[in-house]
Amino acid sequence: IIDLVTEMDRASEKHIMRIIQSAFPEHGVQSEESPLINPKASLRWIIDPLDGTLNFVHGVPFFAISIGLAHLDTPIIGVIYDPIRKELFKAAAGCGAQLNGHAMRVSKTARLSRALLSTGFGYDFRKRPSSYLAGFGLLQMRSHGVRRMGSSALSFAYVASGREDAFYEQRLFPWDLAAGAVLVQEAGGVQTALDGRPH
């Protein structure tokens, strides 16, 4: 089994949802592990209670909690927390992005040959490995290197903070990118679909 859900996923989700629903009962809530709540609400919290579950299960200290707030499907607030390093990445539309209270910006690296990239493979990897490996091999040869970190949330956060130059992944879900999208945008980054169109 690749698609893991742990007791910690559910406990984290329950705790986060209880706080949000108590403070904002009229808002929608979309979480990886539960059905959508208040689907017609114009404001919707989008939660990944434990991004990087496979890392967590194996004791690899690279996972995070990701919480975004969207207005009419446009992310406007993003928070990603790394409990191991006690790093809080946060951003709000028009207000910039911060890491533990300090402003952060994306990398200034302009050439792919000098760029450190990261990616992720979806849970369908074993069904369609070539669709992931072809791009991975090409970019590994043309860039400074490609890392497969195991947490899309932290990869977004690392791009926003300039630790990585770019992140790409196929078949992401709203909870994978809602918070990270705001972080990258507010840190001066650009996001596109794989074909270059606006995402």
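Everything below is about the structure shown above.
(A) Just the sheet that holds strand β10 (residues 145-148), in detail. Ordered by their spatial adjacency, three strands build an open sheet running β10-β9-β11, and the pairing between neighbours is parallel. The open sheet has two free edges, formed respectively by β10 and β11 (166-169), since each of these has just one partner strand. On average, each strand axis in the sheet is tilted by 30° relative to the strand beside it, whichever way the strands run. The strands that helix α3 (residues 129-142) touches are β9 (116-120), β10 and β11; relative to β10, the one it contacts most, it runs at about 140°. Set on the sheet, helix α4 (residues 152-160) makes contact with β9 and β11; between it and β11 the angle comes to about 150°.

(B) Representation of the pairing of strand β5 (residues 74-82). Where strand β4 (residues 64-71) lies against β5, seven bridges are found, and the strand directions are antiparallel. Directly across from Ala70, in β5, lies its bridge partner Pro75. Hairpin connection of β4 to β5: two residues between the antiparallel strands, including Leu72 at a positive phi of 50°. As defined by bridge partners, β5 adjoins strand β6 (residues 87-92) across six bridges and the pair is classed as antiparallel. Residue Gly78 lies in a different strand from β6, and its bridge partner there is Ala91.

(C) Structural detail: the pairing of strand β1 (residues 28-31). Side chains Gly28 and Gln30 project from β1 onto one buried face, and the interleaved Val29 and Ser31 project onto a second face that is buried too. Relative to strand β3 (residues 43-51), β1 runs parallel, the two being bridged by four bridges. Within β3, the position partnered with Gly28 by the bridge is Arg44. For β1 and strand β2 (residues 34-37), the ladder comprises two bridges, and the chain directions are antiparallel. Residue pairing in the sheet places Val29 in a bridge with Ile37 of β2. The turn joining β1 and β2, which pair antiparallel and follow one another in sequence, is formed by two residues.

(D) Focus on the sheet that holds β3. If you trace the eight strands from one edge of the open sheet to the other, you get β2-β1-β3-β4-β5-β6-β7-β8, paired in mixed fashion. Two strands in the sheet have a free side with no partner beyond their single neighbour: β2 and β8 (102-103). Against the sheet, helix α1 (residues 7-23) contacts β1, β2, β3 and β4, and its axis sits at roughly 155° relative to β3. Against the sheet, α4 touches β3, β4, β5 and β6, its axis set at about 100° to β5.

Here is what the cut-offs are and how they apply
- Residues numbered from 1 in each chain as written.
- Predicted model: local features only at pLDDT ≥ 70, side-chain atom pairs only at ≥ 80, totals over all residues.
- Heavy atoms only, no water.
- Pairing = 2+ DSSP bridges.
- Helix = DSSP H or I, 4+ residues; strand = E, 2+ residues; numbered from the N terminus.
- Axes fitted to C-alpha atoms, helices over the stretch in contact; angles between N-to-C directions.
- Contact = heavy atoms within 4.5 Å.
- Buried < 20%, exposed > 50% of the residue type's maximum accessible area, 1.4 Å probe, protein only.

Worth remembering: the numbers are spatial, not functional.
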